[in-house]
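# Understanding the architecture of this molecule
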Amino acid sequence: MSSKQQSSHIHPAWPLFTIVLGHIVIDYFELNNIDVCLIFIMWALALLFWFRTSRKGIFAITEEE
């Protein structure tokens, strides 16, 4: 394997960590379903906007010269 392939390896347990962390945050702030949905939608829109402005992902801006 090349060094680039080894450095881009993500540990397979990160989704479990984020799920547990999400439950802790929801319980701590006593969020209801609407709050969680709105936070998720805002996060998704921000991520899509970041992909578009950073020219990464499927929503990247393509400029023809």
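Below is a summary of the structure that appears in this document. For clarity, every value in this text was computed on a predicted model and none was experimentally measured.

A count of helical and extended segments in the protein gives three helices and zero strands. Across the protein, helices and strands are ordered from the amino to the carboxyl terminus as α-α-α. For the protein, the proportion of its 65 residues judged to be buried stands at 0%.

All right, on to unusual backbone geometry then. Even without being glycine, Glu30 reaches a positive phi, approximately 50°. On the secondary structure map, Glu30 appears in the loop between helix H2 (14-29) and helix H3 (33-53).

Over its 21 residues, H3 runs 30 Å from end to end, which matches the ideal 30 Å to within 8%, given 1.5 Å per residue. Of the residues one or two after H3, Arg55 is the one with positive phi, at around 60°.

The rules behind these values
Residues numbered from 1 in each chain as written. Predicted model: local features only at pLDDT ≥ 70, side-chain atom pairs only at ≥ 80, totals over all residues. Heavy atoms only, no water. Helix = DSSP H or I, 4+ residues; strand = E, 2+ residues; numbered from the N terminus. Buried < 20%, exposed > 50% of the residue type's maximum accessible area, 1.4 Å probe, protein only. Expected span 1.5 Å × (residues − 1).

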